[in-house]
Amino acid sequence: MTETPNPNIIDADTLTGEMRPIRRAVLALGSNLGERMASLQGAVNAIADTPDVWVTGVSPVYETEPVDCPEGAKTFLNAVVLIDTTLAATRLMDRALAIEDAFARERSDVQNAPRTLDVDLIVVGDRRSDDEFLRLPHPRAAERAFVLQPWYDLEPEAEFPEWGPIADLLEKTDRSGLKRRDDLELELQ
């Protein structure tokens, strides 16, 4: 099964003839270092420029208090991007990491350390993965208002695999540290 507006659509590689289903994917973006808005916009542009990826929606921007971050971490800007893609989940993860690297993301052993850019795969169609490189669906996103609220803004009827409707999940989250920034808007170019 695929997660697209038309599940019968299949992309065929013209060189190999390989059939690849188009899957709906949800990506969460976040930044709390440097030029936060520029990093988010750059991520949207890079995602849109990815071969075999079609951006179908970009959420409003939210400013959020850090969650499970080291003391003194600054507020985040967060958004969600919806895409349709024929890329395998592992290739999409490779692309997400490359986009983070392009925006000088520094990786450390400190969990949830401040970052210039975070690009998380939340769901990729009906794919499941539980290895160190890729966990799908994202293991903590169903509990995080900074993912659920922007996703809800784009797809209020969406369901989080294995957890249920995002509207129900959002009701259970603490949204006190979440502020919609209508003065900031990500553009799809």
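Above this note sits the structure.
Everything quoted here is computed from the prediction, not taken from an experiment.

Draft legend 1. Molecular detail of the overall build of the protein chain. Within the protein chain, the secondary structure is distributed over 4 helices and 12 strands. Buried residues in the protein chain amount to 48% of all 189 residues. Surface exposure of the protein chain reaches about 10100 Å², of which carbon and sulfur atoms provide 47%.

Draft legend 2. Representation of the layout of surface pockets. The calculated volume of the second largest pocket comes to roughly 210 Å³. As for the second largest pocket, its lining consists of 15 residues, of which E65, V67, A145, F146 and D174 are closest to the centre. Of the residues assigned to the lining of the second largest pocket, the class counts are 5 nonpolar, 4 polar and 6 charged.

Draft legend 3. Geometry of empty space enclosed by the protein. Summed over the entire model, instances satisfying the criterion amount to 1 cavity of 30 Å³ or more. Within this model, the largest cavity holds a volume of roughly 50 Å³. In terms of residues, the lining of the largest cavity owes the most to one element, helix α2 (residues 89-102), which gives 4 residues. A breakdown of the residues in the lining of the largest cavity according to their chemical character gives 7 nonpolar, 1 polar and 1 charged.

Draft legend 4. Molecular detail of the pairing of strand β3 (residues 23-31). Burial runs high along β3: 9 of the 9 residues are buried. Burial of β3 is two-sided: the residues R23, A25, L27, L29 and S31 facing one way and the residues R24, V26, A28 and G30 facing the other way are all buried. Bridging between β3 and strand β6 (residues 76-85) involves 9 bridges; their strand directions are antiparallel. What sits directly across from V26, in β6, is L82. One ladder, built from 6 bridges, connects β3 with strand β7 (residues 118-124); its direction is antiparallel. Note that in β7 the partner of A25 across the bridge is V124.

Draft legend 5. The arrangement of the nonpolar core in detail. L29, I47, I83, L92, V119 and L121 are the most contacted members of the largest nonpolar core, which has 28 residues in total. Elements with a contribution of two residues or more to this core: β3, α1 (36-48), β4 (53-58), β6, α2 and β7. The contact partners of L92, leaving out residues within four places of it in the chain, are A25, V53, I83, T85, L87, L121 and V124. Residues Y62, A141, L148 and A158 belong to the second largest nonpolar core, which totals 20 residues.

Draft legend 6. The arrangement of the pattern of salt bridges in detail. A complete count under the given rule lists 11 salt bridges for this structure. Across the pair R36 and E63 runs a salt bridge, and its minimum N-O distance is 3.1 Å. Pair noted here: R36 is in helix α1 and E63 is in strand β5 (residues 62-64), with a separation of 27 residues, a long-range link. Classification of E63 as buried rests on a relative accessible area of 16%. Here D183 ties to R181 by a salt bridge, and the two come within 2.7 Å at their closest N and O atoms. Residues joined by salt bridges that share partners form a network here, namely R36, E63, R181 and D183.

About the criteria used
Residues numbered from 1 in each chain as written. Predicted model: local features only at pLDDT ≥ 70, side-chain atom pairs only at ≥ 80, totals over all residues. Heavy atoms only, no water. Helix = DSSP H or I, 4+ residues; strand = E, 2+ residues; numbered from the N terminus. Buried < 20%, exposed > 50% of the residue type's maximum accessible area, 1.4 Å probe, protein only. Areas by Shrake-Rupley, 256 points an atom, 1.4 Å probe, with all protein chains shown as cover. 1 Å grid on protein atoms, 1.4 Å probe; cavity = no way out; pocket = protein on both sides within 12 Å on 5 of 7 lines; lining within 4 Å. Points joined across faces, edges and corners; volume = space filled by probe spheres on them. Nonpolar A, V, L, I, M, F, W, Y, C, P; charged D, E, K, R; others polar. Pairing = 2+ DSSP bridges. Core = buried A, V, L, I, M, F, W, Y, C linked by side-chain atoms within 4.5 Å. Contact = heavy atoms within 4.5 Å. Salt bridge = Lys/Arg side-chain N within 4 Å of Asp/Glu carboxyl O.

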